[in-house]
Amino acid sequence: MSTTPDARNDSPAEHTAPPGPGPDASSDAIIDDIDQTRKELVDTVDQLAAKLDVKAQASRQVQEVKETAITKVHAVADELTDDDGKPTPAALGGLVAVVALVVALIVWRARK
C-alpha cells in the first residue's frame, strides 16, 4: 500500500495555501499576509476543537431531539383537539379503545 498523496486521493495542491506576498512585497503586505494566516489558523483550530468536543456535540443532538419531539407532540395535540382545545370525537374514541385494550390485557393476564 502506497502512502503517496495520490494513492490517498489527497493531492498536495489541495492542502497548500495560496502563495504569500512575493519577494518584492512591502512590509505592510507581509504583515497583512501574516495576519490573514493567523485568522485562518484560528478558524481551523476552532473547527477542530468543535469536532473534538463530544460533550457539546451530544448536547446539540439532545437539543435537536427535544425540539423534534416537542414539534411532534404539538402536531399530534393539534390533530386531537379542536379550536377550543377540547378533544375531538376521534381522539376520545381512540382513548376509549386504548383503555379497553389495557383492561382486556389485564383481565387476560389475570386468567392465565
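Just so we're clear, the structure is a prediction, and the values are computed from it rather than from any experiment. (Residues numbered from 1 in each chain as written. Predicted model: local features only at pLDDT ≥ 70, side-chain atom pairs only at ≥ 80, totals over all residues. Heavy atoms only, no water.)

S.K.: Can you explain the overall build of the chain? Please cite residues and give values.
M.R.: Check the secondary structure of the chain and you find four helices and zero strands. Going residue by residue from the N terminus, the α and β elements of the chain occur as α-α-α-α. Of the accessible surface of the chain, which amounts to about 10,100 Å², a share of 62% is contributed by carbon and sulfur atoms. (Helix = DSSP H or I, 4+ residues; strand = E, 2+ residues; numbered from the N terminus. Areas by Shrake-Rupley, 256 points an atom, 1.4 Å probe, with all protein chains shown as cover.)

S.K.: Tell me about the pattern of salt bridges, and name the residues and values.
M.R.: Taken as a whole and assessed by the stated rule, the structure comprises one salt bridge. Of the charged contacts, one joins Asp35 and Arg38 as a salt bridge, the two residues approaching to 3.9 Å between their closest N and O atoms. Of this pair, Asp35 and Arg38 both sit in helix α2 (residues 27-52), three residues apart, roughly one helical turn. (Salt bridge = Lys/Arg side-chain N within 4 Å of Asp/Glu carboxyl O.)

S.K.: How would you explain the confidence of the model for the chain if you had to name every residue and give the values?
M.R.: Overall, the prediction assigns the chain a mean pLDDT of 85, with 84% of residues at 70 or greater. Averaged pLDDT values over the elements of the chain bottom out at 52 in helix α1 (residues 12-15) and peak at 93 in α2. Counted against residues more than four places away or in other chains, residues 4-8, with its pLDDT under 50, gives six contacts. (pLDDT = per-residue confidence, 0-100. Contact = heavy atoms within 4.5 Å.)

S.K.: Help me get a handle on the packing of α2 against helix α3 (residues 54-80), residues and values and all.
M.R.: Describing two packed helices takes the angle between their axes plus the distance from one axis to the other. At their nearest, the axes of α2 and α3 sit 5 Å apart, and the two run at 70° to each other. By the angle between their axes, α2 is roughly perpendicular relative to α3. Where α2 approaches α3, its residues Ala50, Lys51 and Leu52 are matched on the opposing element by Val54, Gln57 and Arg60. Classifying every residue of the contact of α2 with α3 gives three nonpolar, one polar and two charged. (Axes fitted to C-alpha atoms, helices over the stretch in contact; angles between N-to-C directions. Parallel < 35°, antiparallel > 145°, perpendicular 65-115°, else oblique. Nonpolar A, V, L, I, M, F, W, Y, C, P; charged D, E, K, R; others polar.)

S.K.: Explain a nonpolar patch on the surface to me, using residue names and the numbers behind them.
M.R.: Taken together, the side chains of Leu92, Leu95, Val99, Val103 and Val107 make up a nonpolar region of the molecular surface, amounting to roughly 410 Å² of accessible area. The topology assignment puts Val99 in helix α4 (residues 89-111). A residue is classified by how much of its surface remains accessible, and Val99, at 44% relative accessible area, is partly exposed. (Patch = residues over 30% accessible without salt bridge, like charges linked within 9 Å, V, L, I, M, F, W, Y side chains within 5 Å. Buried < 20%, exposed > 50% of the residue type's maximum accessible area, 1.4 Å probe, protein only.)

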